[in-house]
Amino acid sequence: MTRQVTVLIFILFLGFVFGQVSYSIPEEMAKGSVIGNIANDLGLQIKRLTSGKARIFTRDSDEYIELNREIGVILVKERIDRETLCKKTTPCSLHFQIILENPIEFYSVTIQITDINDNAPSFEKREKKFKISESAVTGAKFVLERAVDLDVEINDLKSYTLKPTNNFALNLHNNPDGNKNVEMVLQKPLDREKQENINLVLTAVDGGEPQMSGTMEIVITVLDANDNAPSFTQQIYKATVTENSVKGTVVATVKALDADEGSNSKITYTITNTFDNVKNIFEVHKESGEVILIGNTDFEESRSYQIHLLASDEGGLTDSCKLTVDIQDTNDNYPEIKIMSKSTLISEDVELNTVVTVISIEDKDSGQNGNVRCFVNEDTPFTLKPSASDFYSLVTDSELDRETAAEYNITVTCSDEGVPSLSSSVTLILQISDVNDNPPVFERSSYEAYILENNTPGFSIFTVKAADADWNQNARVSYILEDSFVNGVPVSSYVSISADSGVIHAVRSFDYEQIKDFQFRIKAQDGGSPPLSSNVTVKILIQDQNDNPPQVLYPVQTGGSMVAEMVPRSADVGYLVTKVVAVDVDSGQNAWLSYKLQKATDRALFEVGLQNGEIRTIRQVTDKDAVKQRLTVIVEDNGQPSRSATVIVNVAVADSFPEVMSEFSDFPHDKEYNDNLTFYLVLALAVVSFLFITCLVVIISVKIYRWRQSRILYHSNLPVIPYYPPRYSDTLGTGTLPHVYNYEVCRTTDSRKSDSKFGRADNQNMLIMAPSSTGTMQRIESEKSILDEPDSPFEQKPPNNDWRFTQGQRPGPSGATGGPEVAMGTGPWPQPPTEAEQLQALMAAANEVSEATATLGPGTMGLSTRYSPQFTLQHVPDYRQNVYIPGSTATLTSNPQQQQATAQQATQQALPPPQASAQAEPPKAAQTPASKKKSTKKEKK
């Protein structure tokens, strides 16, 4: 296979590429044979063929070639027979286009089909019979039927042979059209008596490799003499006929002459064409030689016909000629419009000169009849531009707007220049895809809506509507309530809006008397990307309802006192007694008030003004009229339904105030007022009972909670500073009752396991620290119970001399001195301190504890390291200076000398010397829960 590749590529200004490539292949290639690598020859990449959806476009219905986009080659799809495809035409070529999209590109491909020797020469008839007179002269010619070889060029028919050659020789004549006339020439006279029938074999041989041949048998019957053969007047005749002429039309007339006479001069005409359709289109009259049209002639199928005619007489002599019939073209073919590539959907924002589709135009006529002009309808934003021979591109020539036209029916019309002109058209339906280029538009520039007050929450007020000219998602409108405030309150607490329907709902119940109108803004936003939006102002007007009864301002109604208007007995007709003044907080006709007299002691004496509420006399007051007049006036508004209020007006008909008092002193209270008073008393009693029970439950709960907290604290590792109440009694047996006082006991951070100090009795009547106490809280509790027993051995003894103070050391009036027994340490136990003194001592101790807690830094549970388990008793503050001695007005002081003497006396009984002699300032510690509880107890005392 020889392959010739010619590539021509043009890049046109309309946005697509045109190119051309040629190949040459032999016929009869097997299916799937590779013709050429179209991708390499066109300079295209394989992925471009795939992404561009490369395909083959051909005008013919038969497709012999296919494209493999995966490897970029063109293949033989169907067996190609050159003789079927082109017959005798040379060269024989296939033409098709390869189309690519996005962007649109197309390339013309020409494949030349070369001939192979696949057809042997053949004769139309296997046998040819001649009747030759024996008188035929030497050199007489007998025309033989030509063989036909469908192959061309070197594979075509080359030579003939005739065997045997005893009487006849073969003579070949070349015609101007390249064909050969085969004649059998008599070389030796015939003798019917010797040989009546002669059988010859004519062989036709072509020039291919290997050679192929065909044969025909010639049977000759020898007759008597007919020595003149017919002879045509012309060897070549020419005629012209218009295509699509009517059947029966005489195309031409041929004429042959025979010098013989009689039956030997009678000539018969026949057509000798073989292997073509000439006999189906033309026929010759056997006697007249007229060539008649019996079929349809089509200029587009064949532009000329070669008719071979034979004239023979009765003696078997013949002559031949050729008739050439040219077909004249008429405008009988409409232009053919084929869409090579098209888009059915295009975006509305495409640029100008965007290629929408490419069409191919073909008119099979020739000359002026084949010249075609194309155009589109003028009401579309598109135009046709020629791109190459017989190709047009449909491009945009103005901006597209889907909202103006969402679809275009584009009619492409093509007409030729024939007479009359023929035209054809095709309609393309092009959809315009939407772009989000239109914001939502409200039906109105602003909205006002009315709603009655006292509406139910969720009530639908009205609906706003916005339309978007776009389509689908771009036209889907959502409604949003913009953030704003109404009287300092977010507008969302007043109204809400449905995002889909635009229905505005009331979130709350409106009160016309509180708010009469408000406004807000609604945003309509479409679903495009990016979204577009627009705003509108909505004003809500609250309409009043008659939901408020009239309120009487005068006369003022009181439950316990009686107010009466005085009318002198000398009052004339129309005397103004008083005026009922009432208002209605509603508006409009709901606030229009009318006054009517509902009840009266004497209806004939008073009347009420319907509009102004003035109470006047309607007749002269007489002495017979009662002093006490009771008028019930009803005040009604004009609402639907109307609301009303009543007022009682007491009128005294008298000339003096004492007379009025005597008459009105026995007015009973209204039964309604008494019923209301009883109701309120019962209600107050129920409320007080409920509060009392609630307080009782709360107090019991607090007590239980505190008890549980103390138990939790007792079992925990927190520092504990408990109270221990020692008991003091009169040692002189004077019969005074025992006095109980609270003294502080200081513990370390882990009081349950460390040393403790507590009050106990000794000979010196001093508070002594146990030197090696390691008892737990249970031991302390047991000791506390012993102290609480009346016969406890630790009961407080009378004080020694150390607890005696001079008069100057005692609290109380200055200058007060004691007796000798006081100075000597003998005598009765001093009088107990007053409650004020006891409270003063307790408050002083609490203050020092709070001051000490303020100085504690971070430590275990908020305590400083001086209260750690290593803290010794020398760090325990001495609070004896804050303790009052029961029965005495003296106060313990921190006298160093006295404290030193006391410490030396108790050295061997109580504390180790280093700890007993150390006197530290009271520490300022953080307040613990125990100390808080202690302070609370002191405050309660």
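Residues numbered from 1 in each chain as written. Predicted model: local features only at pLDDT ≥ 70, side-chain atom pairs only at ≥ 80, totals over all residues. Heavy atoms only, no water.

Chemist: Describe the sheet that holds strand β15 (residues 213-223), naming the residues involved and giving the relevant values.
Modeler: With respect to topology, four strands assemble into an open sheet ordered β9-β15-β14-β11, the strand pairing being mixed. Taken across any chain shown, the strands that pair with only one partner, and hence form the sheet edges, are β9 (127-133) and β11 (157-163). Across the sheet, the axes of successive neighbouring strands diverge by a mean angle of 25°, strand direction being ignored. By the bridge criterion, seven bridges tie β9 to β15 in an arrangement that is parallel. Along β15, the bridge assignment pairs F130 with I220. (Pairing = 2+ DSSP bridges. Helix = DSSP H or I, 4+ residues; strand = E, 2+ residues; numbered from the N terminus. Axes fitted to C-alpha atoms, helices over the stretch in contact; angles between N-to-C directions.)

Chemist: Account for the packing of aromatic side chains, naming residues and giving values.
Modeler: In total, this model carries 15 aromatic pairs according to the counting rule given. Centroid distance F382 to Y408: 5.5 Å. Interplanar angle 85°. Geometry classified as edge-to-face. Taken together, the residues span a long stretch of sequence, with F382 in strand β29 (residues 382-388) and Y408 in strand β31 (residues 407-416) at a distance of 26 residues. Exposure class is identical for F382 and Y408. Each is buried. With centroids separated by 5.9 Å and ring planes inclined at 45°, the aromatic side chains of Y447 and F462 adopt a geometry described as tilted. Taken together, the residues Y447 in strand β34 (residues 446-452) and F462 in strand β35 (residues 460-463) connect sequence positions 15 residues apart. What makes F462 buried here is its relative accessible area of 16%. Joined through ring pairs, the aromatic side chains of F442, Y447, F462 and Y479 make up one cluster. Cation over ring: K128 sits above F130, and NZ or CZ is 5.6 Å from the ring centre. Above the ring of Y494, the side-chain terminus of R508 is found at 4.3 Å from the ring centroid. (Phe/Tyr/Trp six-rings, centres within 6.5 Å; stacked < 30°, edge-to-face > 60°. Buried < 20%, exposed > 50% of the residue type's maximum accessible area, 1.4 Å probe, protein only. Lys NZ or Arg CZ within 6 Å of the ring centre and 35° of its normal.)

Chemist: Please set out the state of the cysteines residue by residue, giving values where relevant.
Modeler: Counted by the stated rule, this structure contains two disulfides. The partner cysteine of C86 in its disulfide is C92, sulfur to sulfur 1.8 Å. Taking the sign of the torsion about the S-S bond as the criterion, the disulfide between C86 and C92, at about 70°, is right-handed. Each member of the pair, C86 as well as C92, is classed as buried. Between the sulfur atoms of C374 and its disulfide partner C414 the distance amounts to 2.0 Å. The disulfide joining C374 to C414 has a torsion of about 110° about its S-S bond and is therefore right-handed. Note that C374 is positioned in strand β28 (residues 372-376) and C414 in strand β31, a separation of 40 residues in sequence. With respect to burial, C374 and C414 carry one shared label: buried. Cysteine pairing for the chain, with bonded cysteines counted in sequence order: 1-2, 3-4. (Disulfide = S-S within 2.5 Å.)

Chemist: Explain the nonpolar core to me, using residue names and the numbers behind them.
Modeler: In terms of nonpolar packing, the biggest core is built from 29 residues, with V464, V495, F518, F520, I522, V538 and I540 touching the most fellow members. Of all the elements in the fold, those that place two or more residues in this core are β34, β35, β37 (477-481), β40 (495-497), β41 (503-506), β42 (517-526) and β43 (533-543). Beyond its immediate sequence surroundings of up to four residues, V538 is in contact with Y447, F462, V464, I504, F518, Q519, F520 and I522. Membership of the second largest hydrophobic core comes to 27 residues, among which are F96, I98, L100 and Y107. (Core = buried A, V, L, I, M, F, W, Y, C linked by side-chain atoms within 4.5 Å. Contact = heavy atoms within 4.5 Å.)

Chemist: Describe the environment of V109, and please don't skip the residues or the numbers.
Modeler: Structurally, V109 is set in strand β8 (residues 105-114). According to the relative accessible area criterion, V109 is buried, its value standing at 0%. The spacing of V109 and Y23 is 86 residues in sequence and 7.8 Å in space, taken between C-alpha atoms. The contact partners of V109, leaving out residues within four places of it in the chain, are V21, Y23, I38, L94, H95, F96 and I98.

Chemist: Which residues make up the pairing of strand β7 (residues 92-100), and what values go with them?
Modeler: β7 sits mainly inside the fold: seven of its nine residues count as buried. Bridging between β7 and β8 involves nine bridges; their strand directions are antiparallel. For I99, the partnering residue across the bridge sits in β8 and is F106. Counting the residues in the hairpin turn of β7 and β8 gives four residues, including N102, whose phi is positive at 50°.

Chemist: So what about the pattern of salt bridges? Which residues, and what values?
Modeler: With the rule as written, the count across this model stands at 16 salt bridges. Where D156 meets K88, a salt bridge forms, and the shortest distance between an N and an O atom there is 3.4 Å. Placement of the pair is D156 in the loop between β10 (141-144) and β11 and K88 in the loop between α3 (82-86) and β7, with a sequence separation of 68 residues. Here D156 falls in the partly exposed class, since its relative accessible area comes to 23%. Ionic pairing is found between K141 and E183, a salt bridge with its closest N-O pair at 3.9 Å. One end of the pair, K141, is in strand β10; the other, E183, is in strand β13 (residues 180-186), with 42 residues separating them in the sequence. Of the residues examined, E183 reaches a relative accessible area of 13% and is grouped as buried. (Salt bridge = Lys/Arg side-chain N within 4 Å of Asp/Glu carboxyl O.)

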